[in-house]
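Understanding the architecture of this molecule
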Amino acid sequence: MMKEAFTNYKTPSSQLVKVAEIAAPYRDRPEMLMKVVTQVQKIVPAFTDSVAAVIAREMNISQTQVYSFVTFYAMLSVKPRGKYIVRMCKSAPCHVLGAKEIVREMESLLGIKMGETTEDRRFTLEYCPCLGICDISPAIMINDKTYGNLTAESVRSVIKRYIREDVE
Amino acid sequence: MIHITIDGERTSVPEGTTILEAAKLMNVHIPTLCHHEDQAIKAVCRICVVEVEGQIQLPTACNTPVSEGMVIKTASPKVIKARKNIMELILSRHTQDCLICSKNGTCELQSVASDLNMSRRNRYELEARNVEVDESSPSIVRDMTKCILCGRCVEVCTDVQGITVMDKENRGYHTLVVPPYGKSLVDTACVNCGQCVQVCPVGAISIHDNTDEVYSELEAGRKVVIQMAPSVRITLAESLGYDPGTVTTGKIVHALRKIGFYKVFDSDFSADLTIMEEGNELLQRLNGGETLPMITSCCPAWVKYCETYAPDHVSHLSTAKSPQQMFGSVIKTYFAEKEQLDPSEICSVSVMPCTAKKFECKRSEMNDSGYQDVDIVLTVQELAKMIRTAGIDFENISDSEFDQPFGLGSGAAQIFGATGGVMEAALRTVYEVVTNKTLDNLDFEDVRGFGGIREASVDLDGTVVKVAIAHGLKNAKIVLEQIKAGNCDYHFIEIMACPGGCIGGGGNAPKTWKKLEKRKEAIYREDKNLPIRKSHDNPYIKQIYEEFLGEPLGERSHKLLHTHYIDRSDLLR
């Protein structure tokens, strides 16, 4: 199972060239890995084995170290994700105020389950640790934008907007 | 000095001492799991918690420094209750098939659980990780259902070997120690050194056991010939409970015969052969202006490392095979001829301090005899188990001699087992070959010791040869970087992947630097006591060149005793 998930997607070589450019200035500076991966994240949909190998080669660290680092953080992924990553807060306040209903609504609207990506690679649904905006729970975050005080209706209109147009 | 009280007894210790260290000075044993005396303090397993008066929480002894007036209870009912709870939590994620585990009897978790008197049913249900055992590597088996996440293997792979093949994946409850991207160990840059096996406190990382194959060969009635590496006689007894540095050559030979081996040979012989070939290769390179520095190729983990990380520089590696592989091709040719045996009737086994040798014998080019030169490699740990299984009373068994003509090795071959040994052995021979003078002092003290990278220079009648020795791949990498940058002025370099050389190999009983000191003393003592201490003085070496091989680097030698290397950089992708 796991192995298939890893091998399905290949990063195009044009992207690998850019990854190398980002990582190259930080040779022998493993402490800069966070900076490198956050920049790389903006241009690749996944930290595949080849992306990790390129970062490792340029920074003179091991591929495993890059892999370990990426899998540690919920915001980074080794599996390809959609253009829009919809993160549902998994903490208690959101749960109490109806996160389940929000999830059900998003799943039915996008036709995927939590943790999955739509076929057109536009949306990924994920849970994430507390977003820190409990005052407006239940809340979600789509890429860098947060949406709170959600109801089934309001989350519907938010997602629909992302389906219709490119939100930057 | 800091004044403290441990379990009601007052003492004073230097500032910066941890509670664990202070307790040890007071003869109090605090249980530990993630702690390793040669490694950094991790404090992740929590089993070493103690009670400190005035503190509500129980601090971990391994990483808490003592402070003035501290009153510590290391085994109060509260502490014992906490430790038992921690142990229960650890056990709730550790498959308990102890009776069929390779670490049965030597497992640190087992011994801590036993000390804690874990006699009641675990209150937590077993939630074993749903992962398969990875037996893909010829050297190392990973069973992450037993991992307790201490992080020792990751530290040794990173800080000692500098390759980090395995690291932690995910976090919290889902943490696992794995190679990247779901790869099997065989598909990674793992060099098979087995240093992770050395430090694993449980059976999560173990040696790939090949003892069953040996029994099958014995049962099938094949002529099972065994060779024993220089360091095995130094380290085997330790696996049977003896003190580090107990040398038991004769007993091991006798035990091997009792187990049923047809002939018992000494790899010291082929180590001498290696010196003849490698020494002459060095002279040829020095005189012929060929690639320098030349680097030793005895260590299969180092060879794979070089092939993976510096495929453009494999020309620096000596083409001479390792002693194990030289022996393999000689046994299935010269020995078979002498004994009038068909090589196919022979099963060639070796017992090594090394897990990487299991990989080396399976390299596809290692078949110059027309067959796989060495069929099965056993490690010291496996042989110790075979001796136990055979019911041999090792303490009282008498000494026995190796079989001839491969039963004699020089002191030079003996010290192959320690870092710097191959270098010293080569220098003894090269000096005499070049200068035609007898070497007065055979002990090259400069190349001995445990310094990570050591240098020396030797005057060969006007030509000064600069040599270096590195052990531990992190040190090897430093030397390799110099070569890549073109600012390396050594002529000859010895590199061993394991700290301490073969006596620190992954196939031995678990080591610490303290134990390694004892093993090192033993190996140099053995060298001193041997009648022949230079490879080229070994009469059987002279004989094999006269009867069979011709001359060092000659046609036949070249075919049987030399090899080539490949590019493995793909493993890094």
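About the cut-offs
- Along each chain, residue indices are assigned from 1 in the same order as the chain's sequence is written.
- All chains are assigned letters beginning at A, and all ligands numbers beginning at 1, according to the order in which they are written.
- Under the rules for a predicted model, residues below a pLDDT of 70 receive no local features and side-chain atom pairs below 80 are neither given nor counted, while totals for whole chains, interfaces and linings still include all residues.
- Here a strand is any run of E in DSSP of at least two residues, a helix any run of H or I of at least four, and the numbering for each starts at the N terminus.
- In this description the radius of gyration comes from C-alpha coordinates, and the expected globular size is given by 2.2 Å times residues to the power 0.38.
- Counts of 20 or more other C-beta atoms within 10 Å of a residue's own C-beta define buried residues, counts of 12 or fewer define exposed ones, and intermediate counts define partly exposed ones; C-beta atoms are placed from the backbone.
- In this description, a residue-residue contact is defined by the distance between C-beta atoms placed from the backbone, which must lie within 7 Å.
- Where helices are involved, their axes are fitted lines through C-alpha atoms of the stretch in contact, as for all axes, and angles between N-to-C directions lie from 0 to 180°.
- We call two directions roughly parallel when the angle between them is under 35 degrees, roughly antiparallel when it is over 145, roughly perpendicular when it lies between 65 and 115, and oblique otherwise.
- By definition, any crossing whose near helix is turned counterclockwise from its far helix by less than a right angle is left-handed, and any crossing with a clockwise turn is right-handed.
- Three classes are used: nonpolar for Ala, Val, Leu, Ile, Met, Phe, Trp, Tyr, Cys and Pro, charged for Asp, Glu, Lys and Arg, and polar for all others, with Gly counted as polar.
- Bear in mind that the domain bounds are from an automatic or database domain assignment.
- Only when DSSP finds a minimum of two bridges between them are two strands counted as paired.
- One nonpolar core equals one set of buried Ala, Val, Leu, Ile, Met, Phe, Trp, Tyr and Cys residues connected by C-beta atoms within 7 Å.
- pLDDT is a residue-level measure of predictor confidence that goes from 0 to 100.

1. Some points on the overall build of chain B
Within chain B one finds 19 helices and 16 strands. The C-alpha atoms of chain B give 25 Å as radius of gyration, which agrees with the globular expectation for 573 residues (25 Å, within 12%). Along the longest, intermediate and shortest principal axes, the C-alpha atoms of chain B span 80 × 55 × 50 Å. Residues counted as buried form 51% of the 573 residues belonging to chain B. In chain B, of all internal contacts separated by at least 6 residues, the share reaching a separation of at least 24 is 74%.

2. As for the packing of helix H4 (residues 49-59) of chain A against helix H5 (residues 63-72) of chain A
Residue and element names in this part refer to chain A. The contact between H4 and H5 brings their axes to 8 Å, and the two run at 120°. One way to sum up the angle between H4 and H5 is to call them oblique. Note that H4 runs across H5; the crossing there is right-handed. Contact with H4, carried on its side by Ala52, Ala53, Ile55 and Ala56, involves Gln63, Gln65, Val66 and Tyr67 of H5 and no other residues of that element. When the residues that make up the contact of H4 with H5 are grouped by side-chain class, the tally is six nonpolar, two polar and no charged.

3. A few points about unusual backbone geometry
In this structure, Pro138(A) follows Ser137(A) across a cis peptide bond, with omega equal to 0°. In this model, Leu292(B) is joined to Pro293(B) through a cis peptide bond whose omega is -5°. As for its position among the elements, Pro293(B) is in the loop between helix H9 (267-288) and strand E11 (294-295). Its identity as a non-glycine residue notwithstanding, Asn436(B) has a phi of 60°, on the positive side. By the element assignment, Asn436(B) lies in the loop between helix H15 (421-435) and strand E14 (453-460). The exposed category is assigned to Asn436(B), around which 8 C-beta atoms lie within 10 Å. The residue Leu553(B) is not glycine, and still its phi comes out positive at about 65°.

4. Side note on the interface of chain B and chain A
With 15 residues of chain B in contact, the opposing surface of chain A contributes 16 residues. For the side of chain B that touches chain A, the residue count by class is seven nonpolar, three polar and five charged.

5. Focus on the domain arrangement of chain B
With domains assigned, chain B is organised as domain 1 (2-91), domain 2 (98-207) and domain 3 (222-572). Of note, the centres of domain 1 of chain B and domain 3 of chain B, computed from C-alpha atoms alone, are 44 Å apart.

6. Points about the sheet that holds strand E4 (residues 71-73) of chain B
Residues and elements named next belong to chain B. The strand order across the open sheet formed by four strands is E2-E1-E4-E3, and the pairing between neighbours is mixed. Sheet topology places strand E2 (9-13) and strand E3 (51-52) at the edges, where each strand pairs with a single neighbour. Here two bridges tie E3 to E4, and the two strands are oriented antiparallel to one another. Along E4, the bridge assignment pairs Glu51 with Lys73.

7. Remarks on the sheet that holds strand E9 (residues 223-228) of chain B
All names here are of chain B. Strand order in the open sheet made by the four strands is E10-E9-E12-E13, with parallel pairing throughout. Edge positions in the open sheet fall to strand E10 (263-266) and strand E13 (376-379), since each of these has one partner strand only. Shown here is a sheet whose adjacent strand axes are inclined to one another by a mean of 25°, direction ignored. For E9 and strand E12 (residues 346-352), the ladder comprises six bridges, and the chain directions are parallel. Paired with Met228 across the two strands is Val351, which belongs to E12. Sheet strands touched by helix H6 (residues 211-219): E9, E12 and E13. Its angle to E13, the strand with the most contacts, is close to 125°. Along the sheet, helix H13 (residues 380-389) contacts E12 and E13; its crossing angle with E13, the most-contacted strand, is approximately 80°.

8. Details of helix H4 (residues 152-160) of chain B
Residue and element names in this part refer to chain B. The buried count for H4 comes to eight of nine residues, which makes it a mostly enclosed element. Among all positions of H4, only Arg152, Cys153, Val154, Glu155, Val156, Cys157, Thr158 and Val160 are buried. Where the residues of H4 are buried, they touch strand E6 (167-169), strand E7 (176-178), helix H5 (195-199), strand E8 (205-207) and helix H16 (473-485). Looking one or two residues beyond H4, the residue adopting positive phi is Gly162, at roughly 65°.

9. Looking at the nonpolar core
The nonpolar side chains of a soluble globular protein tend to be buried with one another. Ranked by internal contacts, the top residues of the largest apolar core, which has 157 residues, are Cys153(B), Cys196(B), Ile226(B), Trp302(B) and Ala497(B). A total of seven residues in this core trace back to one element, the largest contributor, which is H15(B). Beyond its immediate sequence surroundings of up to four residues, Cys196(B) is in contact with Ile140(B), Cys153(B), Val156(B), Cys157(B), Met166(B) and Ile205(B). Counting residues in each nonpolar core, the second largest holds 21 residues, with Ala23(A), Ile55(A), Met59(A) and Val78(A) among its members.

10. Here we look at the pairing of strand E1 (residues 2-6) of chain B
All names here are of chain B. Across five bridges, the pairing between E1 and E2 is antiparallel. From the neighbouring strand, Thr5 faces E2, where its bridge partner is Arg10. Bridge analysis of E1 against E4 gives two bridges, and the strand direction is parallel. Counted as the bridge partner of Thr5 is Val71 from E4.

11. A closer look at the confidence of the model for chain A
Mean pLDDT over chain A: 91, with 96% of residues reaching 70 or higher. Taken element by element, the predicted model of chain A shows its lowest mean pLDDT in helix H1 (residues 2-7) of chain A (49) and its highest in H5(A) (96).

12. A few points about the domain arrangement of chain A
Along its sequence, chain A is organised into domain 1 (2-72) and domain 2 (84-164). Spacing between the C-alpha centres of domain 1 of chain A and domain 2 of chain A amounts to 28 Å.

13. Points about the packing of helix H2 (residues 13-23) of chain A against helix H3 (residues 33-41) of chain A
All names here are of chain A. Two numbers describe how H2 lies on H3: the axes approach to 9 Å, and their chain directions differ by 150°. In terms of orientation, H2 lies roughly antiparallel with respect to H3. Classified by chirality, the crossing of H3 by H2 is right-handed. Note on element contacts: H3 touches H2 through Val36, Gln39 and Val40, opposite Val19, Ile22 and Ala23.

14. Description of the environment of Asp166(A)
Looking at where Asp166(A) falls in the secondary structure, it is placed in the segment after helix H8 (152-164). Separated by 82 residues in sequence, Asp166(A) and Tyr84(A) have C-alpha atoms that sit 9.6 Å apart.

15. Topic: the pairing of strand E16 (residues 492-496) of chain B
All names here are of chain B. Of all five residues in E16, five are buried; the element is thus mostly enclosed. Of the two faces of E16, the one carrying Phe492, Glu494 and Met496 and the one carrying Ile493 and Ile495 are both buried. Note that E11 and E16 share two bridges and pair parallel. Within E16, the position partnered with Ile295 by the bridge is Ile493. One ladder, built from five bridges, connects strand E15 (residues 463-471) with E16; its direction is parallel. Opposite His471, over in E16, you have Met496 as the bridge partner.

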